Amino acid sequence: MRGMFQPCFAIMLADIRSALRYPGDILSGLSFFIMITTLVPLGLGSDQGELARIAPAIIWIAVMLASLPQMDRLFTRHAKNGVLEQMLVSPAPMAMLMLAKILTAWVIIILPLVLAAPVLGLMFGLPFHMLAGVLGFLAMGGLCLVLIGAMAAALSLGSRQSGIFTAIIVLPLSMPVLIFGVAGISAIQTDHAMAGASTGASTGASTGHMMLLGALTLVLLVLSPPVTAAAIRFSEE
Amino acid sequence: MTPSPIHHPSVQSDTGNRLRIDDLAMMRGGMSLIEALHLRLDAGQLMFLRGANGSGKTTFLRGLARLIPITQGQFAINGIINTADQSALMRQIILIGHRNAGLEHLNVTDSLRLMASLMDMDISQQQIIAALDHMGITALAHRQMNQLSAGQQRRVALSRLVLAAPQTHRLWLIDEPFNALDDAAISQLCDLITTYCHHGGTAIISGHGHMPLRPDATLTLGTKPQGVVT
């Protein structure tokens, strides 16, 4: 009996290879992300306090907007050329294959944005020592976004206006990610402000938000792969 | 996860039929395409699935691959019935559909490697080269899938069968394999299928009109009484 993880690794490898060979998708998402996060400070002027206050929201909204079009296309190519059909007739469990695809999508879609975020954070006056926390929130919240996006993309397969459909499904589901994510990064800022003002010990208000976001991620990790698999099975029927 | 006893060929019991279909009915788009079908296929047999466009050939093959629900009856492949565990049943089949399942952004070798691992086959680089050689496309090994012609892509898809051929217990479901192929490729494919059946493999091939192989059974869809075949 060969491991059921082997096909999962094969899918991850294939998707990463494809993405690297045609980096257009990654670059378009990244450039969109950079555009939003540089245009907002330019438009708002140079009030550092104001910028720092809205930075978490802007960064999160930019991540969501930049990743949405790519999530929408997560399965379309595989659906058209019959790769999804072969996944369905594979002895490997479809939900596992979908989890592999989702984790790879995180690497391809979210990771470049997370890596670009520190540079952009500086424009918003986010000091360098906060970055670890901010990156943690973006990485975790980004996983939530991909898990939601995969379900939405699978559910909208076969519909002609799949872009609109995906957006409509993703929007309400990703509200909690936005709320906890923004609150979390804001909390990091206040944590640091208070730590600087008083004794130096961090109060850790951001930890609570991180745990909520983590709980959400875990729920979605369990929920999203089987839902995605079922939606794809339905679309291939 | 416990290993399935069916997986290993040595545990394979050849006492039963490779494919057994009892009272099968299938519908598509509100139309009844297959009714009260009984069918037996044994090891080493080749069946030709014939019918006009829209007569239900693809529906039938996809039904056996459990991609489309059957409306009535049951079937068993190597004794594994259609309601059994998904992965146990999928280990009994190889499906080559209409679509070639090539990964456009990968080269031929990498695309085949993924397909092989989805088929639960452990293959080496040499096996891939040998498979491509069998379909006469060794020169394409490192070409991008999206640069190939329709016929070349079909050849790549069919070379999955060469990779799968050692597992002779798996029922091949091949949907219109001769489309887009030139004469050379058709004869290579015929050789492959003949050899597979000679070694105890079983295949169902759909098509309309001329069939370049001599099948052991023919199932014609679209004509009303279907009765028993074989």
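Only a predicted model underlies this, so the values are computations on that prediction, with no experimental measurement involved.

**Here we look at the overall build of chain B**
Move 1: Along the backbone of chain B there are 6 helices and 10 strands.
Move 2: Expressed along its principal axes, the backbone C-alpha trace of chain B runs to roughly 50 × 40 × 30 Å.
Move 3: Partitioning the contacts of chain B with sequence separation of at least 6, the portion at a separation of at least 24 is 70%.
Move 4: For chain B, the exposed surface amounts to about 9200 Å²; the carbon and sulfur share of it is 53%.
Move 5: In chain B, 18 side chains carry a positive charge and 17 a negative one; their mean positions are 4 Å apart.

**Here we look at the nonpolar core**
Move 1: With 110 residues, the main nonpolar core has Phe 33 and Phe 75 of chain A together with Phe 60 and Ile 204 of chain B as its most contacted residues.
Move 2: If one sorts the elements of this core by residue count, helix α6 (residues 94-123) of chain A sits on top with 15 residues.
Move 3: Formed by 42 residues, the second largest nonpolar core is a distinct cluster that contains Met 119, Leu 148, Ala 185 and Ile 205 of chain B.

**Some remarks on the confidence of the model for chain A**
Reading predicted coordinates in detail is not appropriate for stretches of low pLDDT.
Move 1: Averaged over all residues, the pLDDT of chain A equals 88, while 95% of them reach at least 70.
Move 2: The spread of mean pLDDT over the elements of chain A runs between helix α9 (residues 175-197) of chain A, the lowest at 84, and helix α5 (residues 83-88) of chain A, the highest at 96.

**Notes on the interface of chain A and chain B**
Move 1: Each partner contributes to the interface: chain A provides 30 residues, whereas chain B provides 39 residues.
Move 2: Summing both partners gives a buried area of about 3200 Å² for chain A against chain B, and 55% of it is carried by carbon and sulfur.
Move 3: Across the salt bridge formed by Arg 17 of chain A and Asp 110 of chain B, the nearest N and O atoms sit 3.2 Å from each other.
Move 4: At 8 residues, helix α1 (residues 5-21) of chain A tops the list of elements feeding residues into the side of chain A that touches chain B.

**Observations concerning the side chain of Thr 59 of chain B**
Move 1: Among the structural elements, Thr 59 of chain B can be located in helix α1 (residues 57-64).
Move 2: Accessibility expressed as a relative area gives 9% for Thr 59 of chain B, which makes it buried.

**Some words on the sheet that holds strand β8 (residues 202-207) of chain B**
All names here are of chain B.
Move 1: Read from one edge to the other, the open sheet built from 5 strands follows the order β6-β7-β8-β3-β9, with strand pairing classed as parallel. In the strand order of this sheet, the two ends are held by β6 (93-96) and β9 (217-220), each with one partner. Each strand axis lies, on average, 15 degrees off the axis of its neighbour in the sheet, ignoring direction.
Move 2: Relative to β8, strand β3 (residues 46-50) is paired through 5 bridges, and the arrangement is parallel. Across the sheet, Met 47 pairs through a bridge with Ile 204, a residue of β8.
Move 3: The strands touched by α1 are β3, β6, β7 (171-174), β8 and β9; relative to β8, the strand with the most contacts, the crossing angle is about 150 degrees.

**As for a nonpolar patch on the surface**
Residues and elements named next belong to chain A.
Move 1: A grouping of Phe 32, Met 35, Leu 39, Leu 42, Ile 61 and Leu 65 is seen on the molecular surface, where their side chains present a nonpolar patch of about 580 Å² in accessible area.
Move 2: For Leu 42, the position within the fold is in helix α2 (residues 24-44).
Move 3: Among the residues examined, Leu 42 registers a relative accessible area of 67% and is labelled exposed.

**Structural notes on the pairing of β7 of chain B**
All names here are of chain B.
Move 1: Residues Leu 171 and Leu 173 line one face of β7 and the alternating positions Trp 172 and Ile 174 line the opposite face, and both faces are buried.
Move 2: With 4 bridges joining them, β7 and β8 adopt parallel strand pairing. Among the inter-strand pairings, Leu 173 is bridged to a residue of β8, identified as Ile 204.
Move 3: Handedness of the β-α-β unit built from β7, helix α6 (residues 183-198) and β8 comes out right-handed.

**Looking at the layout of surface pockets**
All names here are of chain A.
Move 1: Computed from the structure, the largest pocket encloses a volume of approximately 430 Å³.
Move 2: Elements with a contribution of two residues or more to the lining of the largest pocket: α1, α4 (76-81) and α6.
Move 3: Classifying every residue of the lining of the largest pocket by side-chain character gives 7 nonpolar, 6 polar and 6 charged.
Move 4: One number sums up the size of the second largest pocket: a volume of about 200 Å³.
Move 5: Counting residues per element, the ones that place at least two in the lining of the second largest pocket are α3 (48-72), α8 (162-173) and α9.

Criteria and thresholds
- Residues numbered from 1 in each chain as written.
- Chains lettered and ligands numbered in written order.
- Predicted model: local features only at pLDDT ≥ 70, side-chain atom pairs only at ≥ 80, totals over all residues.
- Heavy atoms only, no water.
- Helix = DSSP H or I, 4+ residues; strand = E, 2+ residues; numbered from the N terminus.
- Contact = heavy atoms within 4.5 Å.
- Areas by Shrake-Rupley, 256 points an atom, 1.4 Å probe, with all protein chains shown as cover.
- Lys, Arg positive; Asp, Glu negative; His and termini not counted.
- Charge placed at Lys NZ, Arg CZ, Asp CG, Glu CD.
- Core = buried A, V, L, I, M, F, W, Y, C linked by side-chain atoms within 4.5 Å.
- Buried < 20%, exposed > 50% of the residue type's maximum accessible area, 1.4 Å probe, protein only.
- pLDDT = per-residue confidence, 0-100.
- Buried area = accessible area lost by both parts, 1.4 Å probe.
- Salt bridge = Lys/Arg side-chain N within 4 Å of Asp/Glu carboxyl O.
- Pairing = 2+ DSSP bridges.
- Axes fitted to C-alpha atoms, helices over the stretch in contact; angles between N-to-C directions.
- Patch = residues over 30% accessible without salt bridge, like charges linked within 9 Å, V, L, I, M, F, W, Y side chains within 5 Å.
- Right-handed = clockwise from strand over helix to strand, strands pointing away.
- 1 Å grid on protein atoms, 1.4 Å probe; cavity = no way out; pocket = protein on both sides within 12 Å on 5 of 7 lines; lining within 4 Å.
- Points joined across faces, edges and corners; volume = space filled by probe spheres on them.
- Nonpolar A, V, L, I, M, F, W, Y, C, P; charged D, E, K, R; others polar.

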